[in-house]
Amino acid sequence: MTTAIRYPHATGFVAGDRPKIVTSRFEHADSFTLERFLSTGGYAGLRKALGRVATDVHEEVKSATVLGRGGAGFPAGTKWGLTPQQVFPKYLVVNGDESEPGTYKDRLLMERDPHQLIEGCLIACYAAGLSQCFLYIRGEMALAQERVATALNEAYAAGYVGKNILGSKFSVDIVLHWGAGAYVVGEETALIESLEGNRGMPRLKPPFFPAANGLYGQPTIVNNVETLANLPWLMVNGSEAYTAIGTKTSPGTRMVAVSGHVKNPGVFEIINGTTTFRDLLYGAEFCGGIRNDNELKAFVPGGGSAPWFTADQLDLPFEASQVGPAGSMLGSGAIMVMDSTTDIPAAALTLTHFYAHESCGKCTPCREGGTWLERILTRIVEGTGTEADLQQILEVGAMICPGDFPHASNEKLGLTAVPFPYKMTTICFVGPSAFAPLHSAITLFRSEFEARLVKRISIPVTAVSTTSKVLASQ
Amino acid sequence: MTTVDSSNATPEVAVDPNAVSVTINGKVVAARKGEMIIAAADRTDDFIPRFCYHPRMEPVGMCRQCLVEVVGPRGPMMVVSCMTPVADGQVVNTETEGVKKAQEGVLELLLANHPLDCPVCDKGGECPLQDQAFSHGPGESRFVEEKRHYEKPIAISENVYLDRERCILCDRCTRFADEVAGDALISFTSRGNNTQVMTFPDEPFSSYFSGNTVQICPVGALTAKPYRFKARPWDIEHVESTCTTCSVGCRTVVQSSRDELVRYQGVDSQPVNWGWLCDKGRFNFESINSKDRLTTPLIKDASGNLSATSWSVAIDSAARMLRTALTVSPQSVAFIGGARGTNEDAFAWAQLANALGVDSRDSQMADGLPPQVFSLPQATIADIDTAKTIILLAPDLKEELPVLYLRVRHAAEKRAGRVVEVSPRATGLAGKAWKKVHVEPGKTAAALRALATDAAFTAQLASGSVVVIVGRMNLAESEESVVHALAEVLHMAPHATVLPVLRRGNVRGAITAGLTPRNGGKSTAEILEAAAAGKIECLVLLGADPLSDVPDADLARRGISGARNIIAIDTFITQSSALADIVLPAAAYGEKEGTTTNVEGRISNVAQSITPVGTSRPDWMIAVELGTATSHDLGVASYNELHAAMISGVREFAPAVDTHAVQHDGVIVAHPTPITLTRTDSASSERNSYDYRAVVSRKLYDNAIGTAKSPSLATLGETSAVIVNPLDVPRIGAQVGESVRVTSPRGSIALPLHESVDVLRGTAWLPINLGGSDVRELLDVAKDVIDLKIEKMS
């Protein structure tokens, strides 16, 4: 009989109480070495897993409800169960192409604790019967690439990866692959295309559900780095200990990357499901409040693609079932904070420019619409836009996302929330992502845009009559 | 009183497990599992707009134009109909307000950066973007920004130009190049709004199939040099026809404007070409418009030069020549050729030969197969799709019968069947072959016999239907060796069917119509040998040019110079017709109507699109006139009478009575009772003292008259070379690229030395009929194999 571990609600607990599942080694300067990893319980989870029947390990992960940390939040254990039974080989693809604006948690996991990730990969392969692992690391992350490559060499040399791991009958190879710098490759099917050596462009689901028809046409599990990094702890401590943290629907911890106008930006491991945005942004152990104690104007709750929240939503917890109906998403765990000094149209332009630039060019609405949005918005930010341009933005956006676009409620503006997600005319989320920040900005801060528009100039009557005289004389 | 048991009253209908029924805009449509919604909708009146979707390629969901609503458990969902498969009971709406808005939105976005230079665009008037902007577009644009600009157009190959401003990035051309042609030479570069189709640096889009990308481009982004600014679509006359450049018999639309051919387009014929054409067949209409075409009869004057004359003089002189020769003996008259015309042309000339008693007629140029191959159990082109095993005992299909290559490649790509390549060198399909039997000339039959002990191979043969594609894979090897090899295959796989691939346009039709030796008459090689010996009084060349086509230069030369008189019926002055006594100008493809017969024996029509140039006439008309002038009335006075006489006179052509079918997908000839081949122990030909066994084959772009007279194709050919395995290069002692002396028992020429791993060690590959030294100087049609000496030049 295990004693249930209880953690107080995130507000007001002292730093020591905070459970650390994936960042436990971050305090050590040499956290990325095999030596440190082994001295802090490294590969114990793998040993424990290999001592059990694979299906048991899979069940353990399933009952822990480890939610995917890449953005969609789909439970990993359930995802593993979606591959067809009798088709081999099956592959594990690790999505380390973290490129959502504002997100940098996976980078730290790869840089500071690469062995934990490798151990997670091995446990996943063992549990889900996957015969090879492909670790795809974003092209720009040089240090992460180096650290993971070194760790992998160490792990191979020490017999943790390769043939007959730890003397068992379990063998798996991990292949490293470095991206070439494309945001869209963070989308799982585009990542698979890129791994296959093609141009990174998303495939349509159906028929290309990776679990059935993924890498090289084989069943493929695509997992996020953080998701896999959870597995060693889970193996050692069991699913009961895991689900004791957080809520039933969002157990465990999750990493969030906070950037922007807070006193103490950075990556934090917070308790899932119970921690609120207020805890995170104002809690002394986290961000410690807004810079200069300014007022909070808006924040992005889940990566650049997410519709924005304002102070009205601060008390929402990190719980998908509450954030979705409130009009946004938790996404990749990137929180970008804008204080009262923020130039909202310019902030929206920064994000829209990113998505327009990163469109892979496949779907017409994203390729043409993204750039169109950017160009209209540029005019407005530069002060040459008109009222019609503002309307035009919403109409172009509707060509990418027909119907009501999700947004948060706002008491002052009298808005009620439109729940996430949106409808879209594109294959993947890059298209809608270009529109999301803009739609939020215009919905919540329309007056700031209007202030920039070109005003109608009333022409003096004398000027008109002079002009008509000139014209008449010609 | 009897009772009727209702359960027995209706016969049991087998339920097709793949049949589903979907409701599209309230109409119930029968469909098959795996089919996409757009394909099912195409069988109704409701058109779903599309750009990237093409029924012959994998869907990609790129343009998003075909968005429709599918009613799901959570209400209507917007999906792309080109990538969403049908499901039983599915409800699809293609015309709701939501769909209309989404489709208008996509069209507005597609037009946002499109230059709208329609007045000067070749595609204007037949442009899917124009048409669908009209039918499914919003009617106006709200895009006020400056449009994207690129240099326009840029040449991505010799014949294809790319205008990136017009491009809507539908992925059709790039998918075609990769998926269908296997020449992934164009791809997307850059991203976002700057995404563009591009070739790789310093690597042009030199695909044999590049013209197809122009045809399937839904805008004017890709244009073909031969058609650029030649005509407006609304001024074009269209007739459906069959390409006779090679014997695949691709269905085409022949297009003319102001009585001049301007373009050929592929027609999607399920049994033949699926809409594809090769560039040679697509662009060689230029030769028909050539200024060098013969426009008037020519006759040798007193000084020995050919000079223009009238038809009456020419026909009279020709008839006199024939009569004089016949008085010597009917054996002293011979007809060579006829494979370039229609079935009716060949039939008329065969009738004339019968009337005159001429038994020596041959439409093959000593590079074919014995006509008995047509009496083996026959395969059709479509059989390739379902065959478990496809055995290639044939020349490089990519070079000689390109669209057939696409079909075999498709079968291998889809893993529908396994390809076994039996060849003296790796062909274009080697990469797709399950098994490669590369064997030096002269040993093919023995190698196949040895395969009988290969358990995996015999199990593969036994696993299902087998199609053997058989042809002359090496012109330096006798036709008997091919027959021997075929006999071995048919012995191992008695259930196999045979697709004989003779490459000249209508060679099968000509043979079937009777232009093949009979009653002990001579073949082309024998005719030339007889002529060389002074035994031919009158030689008639029916569009044949032995001096450039017979793979034995010495024989052809001796034959042509030994014939007392030569009458040539031709479209151009060729090497051989230049030496004729009388040259009669023939109407060319597109200038006459008729039927043609392809490799599989499919009879389909060739249509007249323009008036014959000058006073040229169809070959059949010349035969009829010569008949009349020699007092042998052939009994026909019009094309229709001739066609009818042919159908009733030639048993194999009887199915052509179905005129409608002949004018579309064609009908297969009636097959004779099948014969069986007997295996013979072919004497294995020992090597002489020379080192390299010759492999001689054709390339797509060679000196053939249709290519040489088409400016867009004439420059594409390579020059002659001798190509050996890289491991053999040091033995020769010369550098790659250096000129070496190549000697056979017949002759000796200088050729540049090239290397390729596709060539077996101890063999040398010599592409024939290219510019540079003439490889035929080395060849001897009387020999089973040719061995060569390759020496560094001092």
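Reading guide: rules and limits
Residues numbered from 1 in each chain as written. Chains lettered and ligands numbered in written order. Predicted model: local features only at pLDDT ≥ 70, side-chain atom pairs only at ≥ 80, totals over all residues. pLDDT = per-residue confidence, 0-100. Contact = placed C-beta atoms within 7 Å. Helix = DSSP H or I, 4+ residues; strand = E, 2+ residues; numbered from the N terminus. Nonpolar A, V, L, I, M, F, W, Y, C, P; charged D, E, K, R; others polar. Axes fitted to C-alpha atoms, helices over the stretch in contact; angles between N-to-C directions. Parallel < 35°, antiparallel > 145°, perpendicular 65-115°, else oblique. Left-handed = near helix turned anticlockwise from the far one by under 90°. Pairing = 2+ DSSP bridges. Core = buried A, V, L, I, M, F, W, Y, C linked by C-beta atoms within 7 Å. Buried ≥ 20, exposed ≤ 12 C-beta atoms within 10 Å, placed from the backbone. Domains from an automatic or database assignment. Expected span 1.5 Å × (residues − 1).

Asks: Sorry if this is basic, but what is going on with the confidence of the model for chain A here?
Replies: For residues with low pLDDT, the predicted coordinates do not support detailed interpretation. Overall, the predicted model of chain A reaches an average pLDDT of 91, with 92% of residues at or above 70. Segment residues 1–16 of chain A: pLDDT under 50, and 20 contacts once partners within four positions in sequence are set aside and those in other chains are kept.

Asks: Can you walk me through the interface of chain A and chain B in this structure?
Replies: By a frequent convention, interface size equals the accessible area lost on bringing the separate parts together. Taken together, the contacts link 27 residues of chain A with 27 residues of chain B. Taken together, the elements giving at least two residues each to the side of chain A that touches chain B come down to α13 (344–358), α14 (364–381) and α15 (387–400) of chain A. If you tally residues by element for the side of chain A that touches chain B, the top one is α14(A), at nine residues. For the side of chain A that touches chain B, the per-class residue count stands at 10 nonpolar, 10 polar and seven charged.

Asks: Can you help me understand the confidence of the model for chain B in this one?
Replies: Residues and elements named next belong to chain B. Scored by pLDDT, chain B comes out at a mean of 94, with 98% of its residues at no less than 70. Under a pLDDT of 50 for its full length, residues 1–10 has, in the predicted model, one contact with residues more than four places off or in other chains. Scored as a complex, the prediction yields pTM 0.91 and ipTM 0.87.

Asks: I tried to follow the packing of helix α3 (residues 54–64) of chain A against helix α6 (residues 114–128) of chain A on my own but got confused; where do I start?
Replies: In a packed pair of helices, the relevant descriptors are the angle between the two axes and the axis-to-axis distance. Residues and elements named next belong to chain A. At a closest axis distance of 7 Å, the pairing of α3 and α6 adopts a crossing angle of 115°. Taken together, α3 and α6 sit at an angle that is classed as roughly perpendicular. Two packed elements cross with a definite hand, and for α3 against α6 that hand is left-handed. Two secondary-structure elements touch here, α3 through A54, V57, H58 and V61 and α6 through I123, Y126, A127 and A128. Residue composition of the contact of α3 with α6, by class: seven nonpolar, one polar and no charged.

Asks: Sorry if this is basic, but what is going on with the sheet that holds strand β8 (residues 334–339) of chain A here?
Replies: By way of backbone hydrogen bonds, the strands of a sheet pair with one another, either parallel or antiparallel. Residue and element names in this part refer to chain A. Strand order across the open sheet formed by four strands is β6-β5-β8-β7, with mixed pairing between neighbours. The strands lining the two open edges of the sheet, one partner per strand, are β6 (266–271) and β7 (296–300). In this sheet, adjacent strand axes meet at a mean angle of 30° when their direction is disregarded. Here strand β5 (residues 253–260) pairs with β6 via six bridges, running antiparallel. Within the sheet, the bridge partner assigned to T253 lies in β6 and is I271.

Asks: Before we go on, may I ask you to explain the nonpolar core in this structure?
Replies: Soluble globular proteins tend to pack their nonpolar side chains together in the buried interior. Formed by 387 residues in total, the largest nonpolar core has its most connected members in V93(A), C121(A), L393(B), V468(B), I469(B), V722(B) and A764(B). Not counting residues up to four positions away in its chain, the partners in contact with I469(B) are I390(B), I391(B), L392(B), L393(B), A394(B), L499(B) and V501(B).

Asks: So what exactly am I meant to see when it comes to the domain arrangement of chain A here?
Replies: Residues and elements named next belong to chain A. Splitting chain A by domain gives domain 1 (22–243), domain 2 (247–342) and domain 3 (343–467). Each of domain 1 and domain 3 has a C-alpha centre, and these two points are 38 Å apart. On the side of domain 3, eight residues touch domain 1, which itself brings 10 residues to the contact.

Asks: What is the right way to read helix α13 (residues 402–413) of chain B from this model?
Replies: Think of an α-helix as turning once every 3.6 residues; residues three or four places apart then point the same way. Residues and elements named next belong to chain B. Taking 1.5 Å of rise per residue, 12 residues should cover 16 Å, and α13 covers 16 Å from first to last C-alpha, within 8% of that figure. Here α13 lies mainly inside the structure; nine of its 12 residues are buried. All of the buried residues in α13 are P402, V403, L404, Y405, L406, R407, V408, R409 and A411. Here the buried face of α13 lies against α5 (172–180), α11 (383–386), β18 (389–393), α12 (397–400) and β19 (418–423). The first or second residue beyond α13 is R415, which carries a positive phi of 55°.

Asks: Is there a simple way to explain the environment of L751(B) in this structure?
Replies: Assignment of secondary structure puts L751(B) in strand β32 (residues 748–755). Taking the C-alpha atoms as reference points, L751(B) and C63(B), separated by 688 residues in sequence, lie 51 Å from one another.

Asks: Looking at this structure, how should I read the sheet that holds strand β3 (residues 173–178) of chain A?
Replies: All names here are of chain A. Pairing in this open sheet of four strands is parallel, and the strands run β3-β2-β1-β4 from one edge to the other. Of all strands in the sheet, those bounded by a partner on one side alone are β3 and β4 (220–224). The mean angle between the axes of side-by-side strands here comes to 20°, regardless of whether they run parallel or antiparallel. As paired strands, strand β2 (residues 132–137) and β3 are joined by six bridges and run parallel to one another. Within β3, the residue paired with I137 across the bridge is W178.

Asks: Sorry if this is basic, but what is going on with the pairing of strand β23 (residues 538–542) of chain B here?
Replies: Consecutive residues of a regular strand have side chains that alternate between opposite faces of the sheet. Residue and element names in this part refer to chain B. Taking burial as the measure, the five residues of β23 include five buried ones, the bulk of the element. The two faces of β23 match: C538, V540 and L542 on one face and L539 and L541 on the other face are all buried. For strand β16 (residues 333–337) and β23, the ladder comprises five bridges, and the chain directions are parallel. Its bridge partner lying in β23, I336 is registered against L541. Here five bridges tie β23 to strand β24 (residues 565–570), and the two strands are oriented parallel to one another. For L539, the partnering residue across the bridge sits in β24 and is I566.

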